[in-house]
Amino acid sequence: MTDLVRVGLLGCGNVGAALVRVLDTNADLIRRRAGVKIEVTRVAVHNLAKERDVALAPGVLTNDADAVVSDHDVDLVVEVIGGVEPARSLILTALKAHKPVVTANKELLANFGGELFEAAETAGVDLLFEASVAGGIPLMRPLRESLAGERIRRVMGIVNGTTNYVLTRMTEEGSTFAEAVAEAQALGYAERDPTADVEGFDAAAKAAIIATIAFGARVVGGDVYREGITHVTADDIAAAAELGYGVKLLAVADERDGRVGARVHPAMVPVDHPLASVRGSYNAVFIEGETVGQLMLLGRGAGGGPTASAVLGDLIDAAKNLHAGARGATIGALTRKPIQPIDETASQFYVSLDVVDRPGVLAAIAGVFGKHNVSIQSMQQKGQGEGARLIFVTHLAREAALTATIHEVRDLDVVASVGSVLRVIGGEE
Ligand SMILES: NC(=O)c1ccc[n+]([C@@H]2O[C@H](COP(=O)([O-])OP(=O)(O)OC[C@H]3O[C@@H](n4cnc5c(N)ncnc54)[C@H](OP(=O)(O)O)[C@@H]3O)[C@@H](O)[C@H]2O)c1
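Residues numbered from 1 in each chain as written. Predicted model: local features only at pLDDT ≥ 70, side-chain atom pairs only at ≥ 80, totals over all residues. Heavy atoms only, no water.

## Some points on the overall build of the protein chain
From N to C terminus, the protein chain includes 14 helices and 17 strands. Computed over its C-alpha atoms, the radius of gyration of the protein chain comes to 24 Å, within 12% of the 22 Å expected for a compact globule of 429 residues. Its C-alpha atoms put the protein chain at 85 × 45 × 35 Å along the principal axes. Residues classed as buried in the protein chain amount to 52% of the 429 residues present. Across the protein chain, every contact between residues at least 6 apart in sequence was considered, and the portion connecting residues at least 24 apart equals 73%. When the accessible surface of the protein chain is split by element, carbon and sulfur atoms take 49% of a total near 18,400 Å². (Helix = DSSP H or I, 4+ residues; strand = E, 2+ residues; numbered from the N terminus. Rg over C-alpha atoms; globule rule 2.2 N^0.38 Å. Buried < 20%, exposed > 50% of the residue type's maximum accessible area, 1.4 Å probe, protein only. Contact = heavy atoms within 4.5 Å. Areas by Shrake-Rupley, 256 points an atom, 1.4 Å probe, with all protein chains shown as cover.)

Written as structure tokens, this is what we have:
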């Protein structure tokens, strides 16, 4: 084998272009570290006419991605197109041709990861995907390699920068949800249609990948319980702050009694928890392991540069392995572990209720909580008379019991409306 690894790059948008630039800027350093020269020899894009802020030799750019993958002069494929198709077919073709693949594609991995891992296993080549979760934060490799001997208990991540930015603005500036989203859009943190972020779809895909890697289980996007932040109000955030909590959108993966849980939802995090201090568009992942204890990784979860950094780390690894005729650490055989339904999880809960001004309000509400075995840890009243709001924090309760409580409380004459219900981190089993 020569001292050259020839890369076929699929996609040259935010991430692809940043990758081309850093490969050029850091060429000497990369060559030293990889022990081999890495050269992007073919680049596939959708629109050949688009202006690009990258220097590519004539003839490198094409709009025929299939031709790049099957080119005999391409040794390794980097996929940064995104979405399911044609990315899935292109990656499968590359793997079948025994070409290692690096991808940043969370949507694809969260839904078709099993198929892709199997194809890589069969071909005996690397399939690396560090950038697919939490952008520039090294997470997949630490989970797969540094923590390979660790029994992971739980991983909790702030893995969506847009929602963390929105919640930070609501917390620090008292902005409404709509104002904070508009600001995030103006800064380029949020898409024009922010649904994938604010409804938790993006975080759910990442939660599936985290659960898969942390617990060696096949978890897909559809297994992940998902709740976004659209119902979180500035009042909830202010009430949480008074109680000593910050509100964060969390992706949580855990394993209990052989069952894997994966969920995305807003949660109240105690202010002294490391995740509470993660502000703005930053991401962080908090890992709890039996032997290692607690650790947290913090950084930029998105953006061309940070994401390209993660892709590049994988690319160097894969190029080194290819040059050595070896293969990196594999994720091993994935098993089918039962998924823990959200109803069977337990948490503390924050519940806000708008009540009417009538005697016996508290007794009626407390009676319903008691009937479902949901015990109340604290209660606060905001305002007087009509428009008074009661804020409860429960002790640890089963999700199903809390849901039944809310259904029944909603029908009480003394309850005008149920405001928010948020899970509270800290009192888990
Ligand atoms: N951006 C981030 O912050 C970030 C963070 C983490 C992970 N990721 C992941 O990284 C991947 C790429 O994201 P991105 O932000 O770089 O996307 P992007 O800016 O939209 O770029 C996508 C690229 O793919 C090209 N493309 C689209 N369809 C194609 C096709 N059929 N054949 C060949 N090329 C095609 C586009 O071509 P044109 O340029 O001609 O349109 C463009 O160059 C996604 O999987 C994303 O989830 C991104």
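## Some details on the pattern of salt bridges
According to the stated counting rule, one finds 30 salt bridges in the structure shown. The residue Arg88 makes a salt bridge to Glu85 at a minimum N-O spacing of 2.8 Å. By relative accessible area, which is 22% here, Arg88 ends up partly exposed. Taking the relative accessible area as the measure of exposure, Glu85 reaches 41% and is therefore partly exposed. The salt bridge involving Asp254 is made with Arg256; its shortest N-O contact spans 4.0 Å. With a relative accessible area of 2%, Asp254 lands in the buried category. One salt-bridge network, held together by shared partners, links Arg141, Glu145, Asp314 and Asp317. (Salt bridge = Lys/Arg side-chain N within 4 Å of Asp/Glu carboxyl O.)

## Some details on the side chain of Arg263
With respect to the helices and strands, the residue Arg263 is situated in strand β10 (residues 259-270). According to the relative accessible area criterion, Arg263 is buried, its value standing at 11%. Every residue in contact with Arg263, bar those within four places of it in the chain, is listed here: Val224, Tyr225, Leu250, Ala251, Val252, Asp254, Ile342 and Thr345.

## Points about the packing of aromatic side chains
Applying the stated criterion across every chain yields a total of 3 aromatic pairs. Geometry around Phe201 places Arg226 over its ring, the cationic atom sitting 3.7 Å from the centre. The cationic tip of Arg300 hangs over the ring face of Tyr282; the distance from NZ or CZ to the ring centre is 4.1 Å. (Phe/Tyr/Trp six-rings, centres within 6.5 Å; stacked < 30°, edge-to-face > 60°. Lys NZ or Arg CZ within 6 Å of the ring centre and 35° of its normal.)

## Observations regarding the side chain of Asp197
Within the secondary structure, Asp197 is located in helix α9 (residues 195-198). No salt bridge forms around the buried Asp197; measuring N to O, its nearest opposite-charge neighbour Lys206 is 6.3 Å away. Among the polar contacts listed, one links the side chain of Asp197 to the side chain of Thr162, at a separation of 3.2 Å. (Lys, Arg positive; Asp, Glu negative; His and termini not counted. Polar contact = N/O pair within 3.5 Å; in protein donor to acceptor, adjacent residues only side chain to side chain.)

## Quick look at the nonpolar core
In terms of nonpolar packing, the biggest core is built from 80 residues, with Met140 and Leu143 touching the most fellow members. Every residue in contact with Leu143, bar those within four places of it in the chain, is listed here: Ala148, Ile152, Ile213, Ala214 and Ile287. Counting residues in each nonpolar core, the second largest holds 35 residues, with Val7, Leu23, Ile30 and Val45 among its members. (Core = buried A, V, L, I, M, F, W, Y, C linked by side-chain atoms within 4.5 Å.)

## Examining the site of the ligand
With respect to spatial proximity, 22 residues lie near the ligand, and among them Cys12, Asn47, Lys50, Arg52 and Gly303 are the closest. In the environment of the ligand, an oxygen atom lies 2.8 Å from a nitrogen or oxygen atom belonging to the backbone of Cys12. Arg52 is positioned such that a nitrogen or oxygen atom in its side chain is 2.8 Å from an oxygen atom of the ligand. Within the complex, the protein chains bury 77% of what would otherwise be the 910 Å² of accessible surface of the ligand. (Near = heavy atom within 4 Å.)

## Considering helix α8 (residues 177-186)
Within α8, burial applies to Phe177, Ala180, Val181 and Ala184. Along α8, the residues classed as buried sweep out an arc of 100° about the axis, all on the same side. Across α8 from its buried face, at more than 90 degrees, point the exposed residues Ala178 and Ala186. Turning to α8, the residues buried within the fold contact α7 (161-173) and α9. Two residues or fewer past α8, Gly188 is found with a positive phi of approximately 85°. (Arc of directions from axis to C-beta.)

## Quick word on the pairing of strand β9 (residues 245-256)
Along β9, 10 of the 12 residues are buried, which leaves the element largely enclosed by surrounding structure. Looking at chain direction, strand β7 (residues 152-158) and β9 are connected through 4 bridges and run antiparallel. Counterpart to Arg154 in the pairing with β9 is Asp254. Relative to β10, β9 runs antiparallel, the two sharing 12 bridges. From the neighbouring strand, Arg256 faces β10, where its bridge partner is Arg259. Hairpin geometry of β9 and β10 is characterised by an intervening segment of 2 residues between the two adjacent antiparallel strands and by a positive phi of about 50° at Asp257. (Pairing = 2+ DSSP bridges.)

## Some thoughts on the environment of Leu4
Tracing the backbone shows Leu4 in strand β1 (residues 4-10). Look at Leu4 and you get partly exposed, because its relative accessible area is 25%. Discounting chain neighbours no more than four positions away, the residues touching Leu4 are Val36, Lys37, Glu39 and Asp75.

## Brief notes about the packing of helix α4 (residues 87-96) against helix α5 (residues 106-123)
Here α4 crosses α5 at 10°, and the two axes come no closer than 9 Å. Comparing their axes, α5 and α4 come out roughly parallel. Mapping the contact onto sequence places Ala87, Arg88, Ile91, Leu92 and Leu95 in α4 and Leu108, Phe112, Glu115, Leu116, Ala119, Ala120 and Ala123 in α5. Tallied by class, the residues present in the contact of α4 with α5 amount to 10 nonpolar, no polar and 2 charged. (Axes fitted to C-alpha atoms, helices over the stretch in contact; angles between N-to-C directions. Parallel < 35°, antiparallel > 145°, perpendicular 65-115°, else oblique. Nonpolar A, V, L, I, M, F, W, Y, C, P; charged D, E, K, R; others polar.)

Note that every value here comes from positions in space, so none of it alone points to a role or purpose.
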